[in-house]
Amino acid sequence: MKTGFSSFLFPNGMLWVAFLIIGFRGSHGDFTYSIPEEMKRGAVVGNIAKDLGLDARGLSLRNARIDLKGSRKRYCELNAQTGQLMIAERIDREEICSSKTTCPLKYELLLENPLELHNILLQIQDINDNSPQFPNDEIKLLIPESANKGARFPLDVAHDSDVGRNSIQSYSLEKNDHFTLSVQSNSDGVKYSELVLDKELDREQQHDLSLLLTAIDGGPPQRSGSVTIHVTVLDVNDNLPVFSQPLYQVSLPENSPLGISVITVSATDADEGANGHVTYEFSLLAGRVAKLFTIDKVTGEITVSGQIDFEEESHYEIRVQAKDGSGLASSAKVVIDVSDVNDNAPVINVKSLKNLIPENAAPGTEVGIINVQDEDSEGNRQVRCTIQQNVPFKLISSIENYYSLVTTGELDREHITDYNVTLIATDEGSPPLSSSKTVHLSVSDVNDNPPVFEEQSYSAYVTENNKPGSSVCSVTARDPDWRQNGTVFYSLLPSEVNGVPVSSYLSINGDTGVIHAVRPFDYEQFRSFKVQVVARDNGSPPLSSNVTVSVFITDENDNSPQILYPTPEGNSFMTEMVPKAALSGSLVSKVIAVDADSGQNAWLSYQIVKSTDPGLFSIGLHSGEIRAQRDISESDSMKQNLVISVKDNGQPSLSTTCAVYLLISDNLAEVPELKDMSYEESNSKLTSYLIIALVSVSTFFLTFIILIIAVRLCHRRKPRLLFDGAVAIPSAYLPPNYADIDGTGTLRSAYNYDAYMTTGSRTSDFKFVTSYNDNTLFAGNTLPKNLGQSSECLDFTGSKCSTLVRHNLFYHSIL
Ligand SMILES: *[C@@H]1O[C@H](CO)[C@@H](O)[C@H](O)[C@H]1NC(C)=O
Ligand SMILES: *[C@@H]1O[C@H](CO)[C@@H](O)[C@H](O)[C@H]1NC(C)=O
Ligand SMILES: *[C@@H]1O[C@H](CO)[C@@H](O)[C@H](O)[C@H]1NC(C)=O
């Protein structure tokens, strides 16, 4: 203030002097001086002596002095020498009177001698020595950004110690975009200012402002004081969170592990604090999707929390919300494209399947439809379907993903009945996945196999005289077909044996194939026969095959030897003539016997069991030839009787005996004696009958034979009749009793007989000679063509016997 004082006091000094004089003249009795504050020490306020009309000497004489009422300070002093009132101390009006508009200092001037008292009033005038001042260094204002235009914010009132004009007259505000200043006076007349919002604030644009407020007083000279207003713009939640992108797009492989991060969304909120604190959440997620993804509230990271399955859903659109502290929200879309991973093996579906395939199905027959599916996409769903090797089936790809299962070859149920066909489907993913399925196919039967006999032919050996019903043999045929197609029934093929239906000989068990004899067989009747057995299955149509069963009847020793010559006792009167001159060893007779059996059973041996003169004759054991053992002598009895036993070699053996009558004589005249010798009961009548009979029979046969020859000559194919001597009979007349097994004989050469067939009549002995070969097996057969070609007979020794027989054969009656 001192500095300020001098600066404006002196230039105006003249003015102040005038002012003081005027003030002096206005008072009565008392002195009034008006001075500005802050005058220099020693400055003269007034000349009291002069103003009192006293000379300066008088004042000092009178001991004049001044007192300031009520104050210890004096401020002014009286110069008694000059009578001048001078400033003694600094006068600061603001200190003395503060804000009072008038500031008087009352002095008393005391004069002695005489005592005189004068009041001196010193009016202290204010000078503008104080600047406006604000109470604080700065003004802090907190204004929400939401404050409306026109809002008022009262500001601190500045203070100026000066009074009157020197006090604050106005305020001014630094120019700015948002605020204006409104200056007001209150009821005390104190001026104050208010900030008026002229343009809305935006914290997000400018969160604080500094404004300079200046208070100006009246002066002169004008003084001012300033303060900075700090306006802090308070945040109001006026901003939505804003996502960094409106759309987030991401690709996610399926089967991503739990917890893996998908994407992080982020939103910013320009607001501050809680208003700008963004949290994230899904909005409106369907329940299922909500389980698959979770979002971190704070970071906005979306993670996988469930099984991501491309096949279930390949595309997710999720809305994400960002919210600030007071709930303002905005949203963004997150598109998650799930990418396929080859995680689904192909699935094989058997759409149709013929479980039963007839074995005659042609190659290429469709037996099933297969469908393959793969839920994956693109390459991962490209599926190839194959079939295992070594089965007669293949897959033909028809329509996409459909395959036909067809046969590739002939099926044979009898070979392979069932197939387990494994289908393998492989996709083209990487790595590829595959699956397989086994289908079971059965081959159904077709009657394609005829029954087959186990043997190519069967032979059965049956001993004759078998019991009816006994089993002969058994045949078996196999048919690999199924059930009735493979069920075999046996039957005999109708045929005839010896003109008799075969069924009267044999029967067959249709189920078992066991063949039974229906009746006893007689080896002597026939030795073998063949029968065809048919095996037929039960299919439709049935298949059959046949086999030949040869039945061989084996011999049993059931026939005793039969003597052909000499004829058995009692019915014949044959006697052998032995010349008297017969020498030792000469053949005298021969016993001829046959046995209907064969082999050992027909191997005959001869023995003399009784003789008139033992030692005279002997018989060949097997030839039956009776020979003289020594020369016949005169002394030998004329009549010789031999009893001969013929025995076969069977087990047990059978035998027959016969008697041979020998007459040792050279003369037929001696024959009548024979009557006495051998036939006691014979008579002449019989003899003559016999002669007649012989002649007639011979005549008859001669005629007959001539006829036969004639017929045979006419019909070359007809069998020839054979003769021997005077008597022969056609073989066709022979009974079928005598047969031999063709080709069986191990003893064949030994057993080659001449068969001496007899007719039924015992009284007529005819000899029929033919070869063994012509001895036909079956009665029904026609005579072989070579009949008679070899008309010789062989005895056991192999010598020709026909001559002998012829030679020796004669009838007793002729004799
Ligand atoms: C086919 O499979 C079935 C069941 O697995 C089995 O019983 C049968 O023996 C198999 N057949 C063939 C021919 O492998
Ligand atoms: C037997 O074969 C026929 C065809 O020849 C067939 O139709 C039938 O089903 C077969 N029977 C059985 C039991 O397999
Ligand atoms: C018996 O089988 C043969 C061949 O096996 C055949 O030729 C013949 O016709 C069959 N006979 C009958 C009567 O079935």
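The structure displayed is predicted, hence computed values, not measured ones.

Engineer: Tell me about the overall build of the protein chain, and name the residues and values.
Structural biologist: Helix and strand counts for the protein chain come out as 10 helices and 51 strands. Here the protein chain, with 815 residues, has 41% of them falling under the buried criterion. Restricting to contacts in the protein chain with at least 6 residues of sequence separation, those with at least 24 account for 66%. With the model as given, the accessible surface of the protein chain reaches about 42,300 Å², and the carbon-plus-sulfur share is 52%.

Engineer: Can you lay out the sheet that holds strand β28 (residues 393–397) for me, pointing to particular residues and giving the numbers?
Structural biologist: If you trace the 4 strands from one edge of the open sheet to the other, you get β24-β26-β29-β28, paired in antiparallel fashion. In the strand order of this sheet, the two ends are held by β24 (347–353) and β28, each with one partner. Neighbouring strand axes in the sheet, compared pairwise and without regard to direction, differ in orientation by 30° on average. Note: strand β26 (residues 366–373) against strand β29 (residues 402–407), 5 bridges, orientation antiparallel. Following the sheet pairing, Asn371 is matched in β29 by Tyr402.

Engineer: Any chance you could break down the site of ligand 2 for me, citing the residues and the numbers?
Structural biologist: What surrounds ligand 2 is the set Asp445, Val446, Asn447, Trp482, Arg483, Gln484 and Asn485. Asn447 places a polar main-chain atom, nitrogen or oxygen, 3.0 Å from an oxygen atom of ligand 2. The side chain of Asn485 places a nitrogen or oxygen atom 2.2 Å from an oxygen atom of ligand 2. Taking 360 Å² as the accessible area of ligand 2 by itself, protein coverage stands at 60%. A per-class count over the shell around ligand 2 returns 2 nonpolar, 3 polar and 2 charged.

Engineer: How would you explain the side chain of Asn176 if you had to name every residue and give the values?
Structural biologist: Turning to its location among the elements, Asn176 is positioned in the loop between β10 (168–173) and β11 (179–185). Taking relative accessible area as the criterion, Asn176 reaches 18% and is therefore assigned buried. For Asn176, the side chain forms a polar contact with the main-chain nitrogen of Phe179, separated by 2.6 Å.

Engineer: Help me get a handle on the pattern of salt bridges, residues and values and all.
Structural biologist: Two side chains carrying opposite charge are able to pair once their charged atoms lie near each other. Enumeration over the complete set of coordinates arrives at 20 salt bridges. For the salt bridge of Arg203 with Asp235, the shortest nitrogen-to-oxygen distance reads 2.9 Å. You can see Arg203 sitting in the loop between β12 (191–197) and β13 (208–217) and its partner Asp235 sitting in the loop between β14 (224–234) and β15 (242–243), a full 32 residues away along the chain. Taking the relative accessible area as the measure of exposure, Arg203 reaches 8% and is therefore buried. The partner of Arg630 in a salt bridge is Asp636, and the shortest N-O contact between them spans 3.1 Å. Judged by relative accessible area, which is 11%, Asp636 ranks as buried.

Engineer: Provide a residue-level description of the sheet that holds strand β45 (residues 587–590), including the pertinent values.
Structural biologist: With respect to topology, 3 strands assemble into an open sheet ordered β45-β49-β48, the strand pairing being antiparallel. Looking at the sheet topology across the chains shown, the edges are occupied by β45 and β48 (617–619). Averaged over all adjacent pairs, the angle separating strand axes in this sheet is 25°, with direction ignored. Here β48 pairs with strand β49 (residues 625–628) via 3 bridges, running antiparallel.

Engineer: Go over the packing of aromatic side chains with me, naming the residues and quoting the values.
Structural biologist: In total, this model carries 15 aromatic pairs according to the counting rule given. Aromatic side chains Phe453 and Tyr458 sit 6.2 Å apart centroid to centroid with 75° between the ring planes, which places their arrangement in the edge-to-face category. Here the two residues Phe453 and Tyr458 agree in accessibility, since each one is buried. Ring centres of Tyr505 and Phe529 lie 5.8 Å apart, and the angle between their planes is 40°; on these two criteria the pair is classed as tilted. In this pair, Tyr505 is assigned in the loop between β38 (500–501) and β39 (506–508) and Phe529 in strand β41 (residues 528–537), connecting sequence segments 24 residues apart. For Tyr505, a relative accessible area of 3% puts it in the buried group. Connected via pairs of aromatic rings, a cluster forms that spans Tyr505, Phe521, Phe526 and Phe529.

Engineer: Quick rundown of the pairing of β26? Include the residues and the values.
Structural biologist: Put simply, side chains in a regular strand alternate between the two faces of the sheet. In this structure, β24 lies alongside β26, joined through 6 bridges in antiparallel fashion. Across the sheet, Asn349 pairs through a bridge with Asn371, a residue of β26.

Engineer: Could you give an account of the environment of Pro480, naming the residues involved and the relevant values?
Structural biologist: Tracing the chain through its elements places Pro480 in the loop between β35 (477–478) and β36 (488–492). The sequence separation of Pro480 and Glu414 amounts to 66 residues, and the corresponding C-alpha distance is 6.1 Å.

Engineer: Which residues make up the nonpolar core, and what values go with them?
Structural biologist: Core analysis: the biggest nonpolar cluster contains 29 residues, and Leu506, Phe529, Val533 and Val549 have the highest contact counts within it. Counting only elements with at least two residues in this core, the list comes to β33 (457–463), β34 (471–474), β36, β39, β40 (514–517), β41 and β42 (544–554). Not counting chain neighbours up to four residues away, the residues in contact with Phe529 comprise Val497, Val502, Tyr505, Leu506, Phe521, Val549, Ser550, Val551 and Ile553. Judged by nonpolar contacts, the second largest core, of 28 residues, contains Ala49, Leu85, Leu111 and Leu122.

Engineer: How would you explain unusual backbone geometry if you had to name every residue and give the values?
Structural biologist: Following Ser540, the chain continues to Pro541 via a peptide bond in cis, the omega torsion being 5°. Locating Pro541 in the fold gives a position in the loop between β41 and β42. Cis geometry is found at the peptide bond from Gln651 to Pro652, where omega equals -10°. Along the polypeptide, Pro652 turns up in the loop between β50 (639–647) and β51 (655–664). For Arg483, which is not glycine, the phi torsion reads 45° and is therefore positive. By the element assignment, Arg483 lies in the loop between β35 and β36.

Engineer: Please set out the confidence of the model for the protein chain residue by residue, giving values where relevant.
Structural biologist: The share of residues in the protein chain with pLDDT of 70 or more is 80%, and the mean pLDDT across the chain is 78. Ignoring residues within four places in sequence, the model shows residues 1–28, a span with pLDDT below 50, making 34 contacts including any to other chains. Of the regions scoring below 50 in pLDDT, residues 717–815 engages in 176 contacts with residues more than four places distant in sequence or in other chains.

Engineer: So what's going on with the pairing of β36? Which residues, and what values?
Structural biologist: Side-chain alternation along β36 places Val488, Tyr490 and Leu492 on a buried face and Phe489 and Ser491 on a face that remains uncovered. Relative to β41, β36 runs antiparallel, the two being bridged by 5 bridges. Following the sheet pairing, Tyr490 is matched in β41 by Ala535.

Engineer: Break down the side chain of Thr303 for me, with residues and values.
Structural biologist: Tracing the backbone shows Thr303 in strand β21 (residues 301–304). Classification of Thr303 by relative accessible area gives buried; the value is 15%. What Thr303 contacts, discounting residues up to four positions off in sequence, is Gly259, Ile260, Ser261, Val262, Leu292, Phe293 and Thr294.

Cut-offs and rules
- The residue numbers shown here count from 1 along each chain, following its written sequence.
- To label them, take the chains in the order written and letter them from A, then take the ligands in the order written and number them from 1.
- Local features in a predicted model are, by the rule used here, given only for residues with pLDDT of at least 70; side-chain atom pairs are given and counted only at 80 or more, and totals for whole chains, interfaces and linings are based on all residues.
- The side-chain values count all of the structure's non-hydrogen atoms but skip hydrogen atoms and water molecules.
- By the criteria applied, helices consist of DSSP H or I runs no shorter than four residues and strands consist of E runs no shorter than two, each listed in order from the N terminus.
- Accessibility here uses a 1.4 Å probe with only protein chains present; expressed as a share of the type maximum, an area under 20% marks a residue as buried, one over 50% as exposed, and anything in between as partly exposed.
- Only heavy atoms enter the contact rule, under which two residues are in contact if any of them lie within 4.5 Å.
- Residue burial considers only the protein chains on display, and all accessible areas are found by Shrake-Rupley using a 1.4 Å probe.
- Strands were regarded as paired on the criterion that DSSP finds at least two bridges between them.
- Convention adopted: a line fitted to C-alpha atoms gives each axis, helices being fitted over their contacting stretch, and angles between N-to-C directions are expressed from 0 to 180 degrees.
- Nearness here has a simple test: a residue counts as near a molecule or strand if at least one of its heavy atoms is within 4 Å of that partner.
- As used in this structure description, the phrase polar contact means that two N or O atoms lie within 3.5 Å; if the pair is within protein, one of them must be able to donate a hydrogen and the other to accept it, and residues adjacent in sequence are counted only when both atoms belong to side chains.
- Only Asp, Glu, Lys and Arg are considered charged in this grouping, and only Ala, Val, Leu, Ile, Met, Phe, Trp, Tyr, Cys and Pro are considered nonpolar; every other residue, Gly among them, is considered polar.
- The term salt bridge refers to a side-chain nitrogen of Lys or Arg lying within 4 Å of a carboxyl oxygen of Asp or Glu.
- For Phe, Tyr and Trp, rings pair up if their centres lie within 6.5 Å, where Trp contributes its six-membered ring, and each pair is then called stacked (planes under 30 degrees apart), edge-to-face (over 60) or tilted (otherwise).
- Nonpolar core, defined: a set of buried Ala, Val, Leu, Ile, Met, Phe, Trp, Tyr and Cys residues in which side-chain atoms within 4.5 Å join the residues together.
- Across the chain, each position has a pLDDT score giving the predictor's confidence in that residue, from 0 to 100.

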